[in-house]
Amino acid sequence: MASLTDLVNLNLSDTTEKIIAEYIWIGGSGLDLRSKARTLSGPVTDPSKLPKWNYDGSSTGQAPGEDSEVILYPQAIFKDPFRRGNNILVICDCYTPAGEPIPTNKRYNAAKIFSNPEVTAEEPWYGIEQEYTLLQKDINWPLGWPAGGFPGPQGPYYCGVGADKSFGRDIVDAHYKACLYAGINISGINGEVMPGQWEFQVGPSVGISSGDQIWVARYILERITEIAGVVVSFDPKPIPGDWNGAGAHCNYSTKSMRNDGGYEVIKSAIEKLKLRHKEHIAAYGEGNERRLTGKHETADINTFSWGVANRGASVRVGRETEQNGKGYFEDRRPASNMDPYVVTSMIAETTIVWKP
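Residues numbered from 1 in each chain as written. Predicted model: local features only at pLDDT ≥ 70, side-chain atom pairs only at ≥ 80, totals over all residues. Heavy atoms only, no water.

Caption draft 1: Quick look at the overall build of the chain. If you tally the helices and strands in the chain, you get ten helices and 14 strands. Its C-alpha atoms give the chain principal-axis dimensions of about 60 × 50 × 40 Å. For the chain, buried positions account for 50% of its 356 residues. The contacts of the chain with a sequence gap of at least 6 include a subset with a gap of at least 24, amounting to 64%. (Helix = DSSP H or I, 4+ residues; strand = E, 2+ residues; numbered from the N terminus. Buried < 20%, exposed > 50% of the residue type's maximum accessible area, 1.4 Å probe, protein only. Contact = heavy atoms within 4.5 Å.)

Shown next as C-alpha cells:
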C-alpha cells in the first residue's frame, strides 16, 4: 500500500499533461494569505494565459454576503516547491465582477506607479529584509523560549549557532531552498537579535516584482511553518520589553543613484522622504509605534533622521555608497507586517514622481 507521503509526492508528469495551479491572494486583513488550487490542461509560463477565477469574498472580509463574488486576476507565476514538477504558484490580485480593484487590492495602484514612464526610466531596484518570529503553536510564545518564561538576554543569538542560541533553523533553511526553487530572488537569511526571530532578504528586484516576490516568499513560509506545526508572526514587536522588534528594511536605488554622481541624487531623495515622513509612517505597517521607539536599532517614530552607517536612523546610507559617490540607501522604518506593494511604490512615487 502507498503511504500518505508516497501519494503526496506522486509525480504527475509520469501519467498526465495536466498540472495544478495554486492561486494565491491577500485576504481582508491585508496580511492574511489565502489560496486554492485548480487543474489546468498543461504547463503555463505566461500569467496572461491563465484563466481568471473567483472566490467567496464574504468569507475573507472582502465582500458582502449578498454580492460575494470577487475575481482573481493572475499576475505572476512561480514554480511550486511543494508539488514540484510543472505545477505552479500564481500570485493574483482581486477585482469586483465589474473589473474594479477591491479596496484591499494594493497591487493595482502600485502597478500604476511602476508603469509611470518617469519611474520605468529609473529602473527602481529593491532589496527587502523581511524579519519574522517563529512561535510555539499552542502557547503563542517564541520558539526556543521556556513556556511562560524568558531566555537569557540578547547578545548571543544574532547569527548564532548551537542548540541554545538558534531555534528553527530547519524551517529557515527549508524556506530558503523552497524560495530558490520557486524562482524568487532570495539573496540570504540570518538569525536575528531576539531568539526565535529570523530574517530573509529578497532582491535586487525591479519595480512591481519586488512586492510579488515578498508575498510569495511569505506564502511559502506560512506553508512550511504549517507543515512544521509552528506559527509565523509578522508582528513588529511580538514581545514587549528589552527585545528587538521585527522590521522590513527596504534597500532602494534608482538608475541615477547607481550612476556617477548618484550620491547627490540619494541625498535629494532622502530630503523628499523627510518631507513626507508622516505619510510614509502611516503606510509602513500597523503597530509600528511599538517598534520605532529610538531603542533596539530604531529611530523614534516621530522624528526623521538619516546618517551614514547609522542603524539608529530612519534612513541609513552605507559607508561604501558614501565612498563611491553612488549606490543605494536603506529605509529602516517599514514594519515586518508592511505591504510590500504599498512601501515599494510609495518610495518610488515620493523620490521620483513627487515634486515638493
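Caption draft 2: Representation of the UniProt feature "domain: GS catalytic" (unreviewed entry) in the chain. Under the UniProt annotation, the feature "domain: GS catalytic" (unreviewed entry) is placed at residues 106-356. With 38% helix and 20% strand, the stretch residues 106-356 has end C-alpha atoms that lie 24 Å from each other. (UniProt positions renumbered as here; feature names shortened; annotations may be inferred.)

Caption draft 3: Molecular detail of the sheet that holds strand E3 (residues 53-56). The strand order E2-E1-E5-E4-E3 describes an open sheet built from five strands, whose pairing is mixed. Single-partner strands in this sheet number two, and they are strand E2 (33-40) and E3. This sheet shows a mean twist of 40° between the axes of neighbouring strands, independent of strand direction. Looking at chain direction, strand E1 (residues 19-26) and strand E5 (residues 88-95) are connected through four bridges and run parallel. Residue pairing for E5: Glu 22 is matched across the bridge by Leu 89. Where helix H5 (residues 208-228) meets the sheet, it contacts E1, E2, strand E4 (69-79) and E5, and its direction lies at approximately 115° from that of E5. (Pairing = 2+ DSSP bridges. Axes fitted to C-alpha atoms, helices over the stretch in contact; angles between N-to-C directions.)

Caption draft 4: Fine view of the UniProt feature "domain: GS beta-grasp" (unreviewed entry) in the chain. Within the UniProt annotation, "domain: GS beta-grasp" (unreviewed entry) is assigned to residues 19-99. For residues 19-99, the helix share is 0%, the strand share is 48%, and the end-to-end C-alpha distance is 28 Å.

Caption draft 5: Highlighting helix H10 (residues 340-353). Between its terminal C-alpha atoms H10 stretches 19 Å, which fits the 20 Å expected from 14 residues at 1.5 Å a residue. Burial analysis of H10 places eleven of its 14 residues in the buried class, which makes it a mostly covered element. (Expected span 1.5 Å × (residues − 1).)

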